[in-house]
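Here's the letter readout for the chains.
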Amino acid sequence: MSKPVVGIIMGSQSDLRVMKEAAEILEELQVSYELTIVSAHRTPDRMVDYARSARSKGLKVIIAGAGGAAHLPGMVASMTTLPVIGVPVKSSNSIDGWDSVLSILQMPGGIPVATVALDGAKNAGILAAEMIGAFDEKTAKNLEKYKDELKEKVLKSAESVEE
Ligand code: RP5
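Residues numbered from 1 in each chain as written. Predicted model: local features only at pLDDT ≥ 70, side-chain atom pairs only at ≥ 80, totals over all residues.

An unreviewed UniProt entry annotates the protein as N5-carboxyaminoimidazole ribonucleotide mutase of Fulvivirga kasyanovii. The record in UniProt for the protein states the following under Function (unreviewed entry): "Catalyzes the conversion of N5-carboxyaminoimidazole ribonucleotide (N5-CAIR) to 4-carboxy-5-aminoimidazole ribonucleotide (CAIR)." One UniProt comment on the protein, placed under Catalytic activity (unreviewed entry), says "5-carboxyamino-1-(5-phospho-D-ribosyl)imidazole + H(+) = 5-amino-1-(5-phospho-D-ribosyl)imidazole-4-carboxylate". (UniProt positions renumbered as here; feature names shortened; annotations may be inferred.)

Okay, structure coming up:
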């Protein structure tokens, strides 16, 4: 694939089981991405480097997933003008995921993070593709096909229950 336009980052390898869904849907939609681990608390310098260099290396959107005291998406958003999509991950020591959801969702004015549902990495991937698709016809076409297929599936299931 060509140079990555979406950066997928996560706080820990333990987030990968969730975050790989963003990568999978981006592959299906033929959007180039890179994926790595960047921890806000354990590797703060790496987080700063990643956020500050993201735009100049060609990324257009960042998807950041983290759990617990999930500061990664918000801190990255504070250091870049690229849109950041936050994925609250339900980590094993989570209080039902509310810790992750609220620490990503409740951003102060001026520093938005587009927060998807708990463990909603697939939607984060689709949203990132939609941002890319706003300026790229090929991606927009791939999204159109993807949504048509979703519609077909629902219509088929409706037919099958009506029979
Ligand atoms: C967060 O803490 C990570 O994003 C992860 O969701 C959670 C637990 O991390 P590990 O202890 O599994 O590395 O920083």
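**Observations concerning unusual backbone geometry**
A positive phi angle, close to 55°, is found at glutamine 30, a residue other than glycine. Within the element layout of this structure, glutamine 30 appears in the loop between helix H1 (16–28) and strand S2 (33–37). A positive phi is found at aspartate 96, a non-glycine position, where the angle reads about 65°. As for its position among the elements, aspartate 96 is in the loop between strand S4 (84–89) and helix H4 (98–105). For aspartate 96, a count of 9 C-beta atoms within 10 Å gives the class exposed. (Helix = DSSP H or I, 4+ residues; strand = E, 2+ residues; numbered from the N terminus. Buried ≥ 20, exposed ≤ 12 C-beta atoms within 10 Å, placed from the backbone.)

**Some points on the UniProt feature "binding site: substrate" (unreviewed entry) in the protein**
The sites that UniProt annotates as "binding site: substrate" (unreviewed entry) are Ser12, Asp15 and Arg42. Take serine 12: it is sitting in the loop between strand S1 (6–10) and H1. Those residues in contact with serine 12 that sit more than four places away from it in its chain are Ile37 and Ser39. Looking at the element boundaries, arginine 42 is found in the loop between S2 and helix H2 (44–53). For arginine 42, a count of 11 C-beta atoms within 10 Å translates into the label exposed. (Contact = placed C-beta atoms within 7 Å.)

**A few points about the sheet that holds S4**
Think of a sheet as strands paired side by side through backbone hydrogen bonds, with each pair either parallel or antiparallel. Taken in spatial order, the 5 strands of this open sheet run S2-S1-S3-S4-S5, and their pairing is parallel. What marks the edges here is a single partner per strand, and that holds for S2 and strand S5 (114–115). Its contacts with the sheet place H4 against strand S3 (61–67), S4 and S5, and it is angled at close to 160° to S4. Running at roughly 165° to S3, helix H5 (residues 121–133) makes contact with S1, S3, S4 and S5 of the sheet. (Pairing = 2+ DSSP bridges. Axes fitted to C-alpha atoms, helices over the stretch in contact; angles between N-to-C directions.)

**A closer look at the site of the ligand**
In the region of the ligand, the neighbouring residues are Gly11, Ser12, Ser14, Asp15, Ser39, Ala66, Gly67, Gly68, Val89 and Ser91. In terms of residue class, the shell around the ligand is built from 2 nonpolar, 7 polar and 1 charged. (Near = placed C-beta within 6 Å. Nonpolar A, V, L, I, M, F, W, Y, C, P; charged D, E, K, R; others polar.)

**Section: the pairing of S1**
For S1, the buried fraction is high: 5 of the 5 residues fall into the buried class. Side-chain alternation along S1 places Val6, Ile8 and Met10 on one buried face and Gly7 and Ile9 on a second face that is also buried. Here S1 pairs with S2 via 5 bridges, running parallel. Bridge pairing in S2 links methionine 10 to isoleucine 37.

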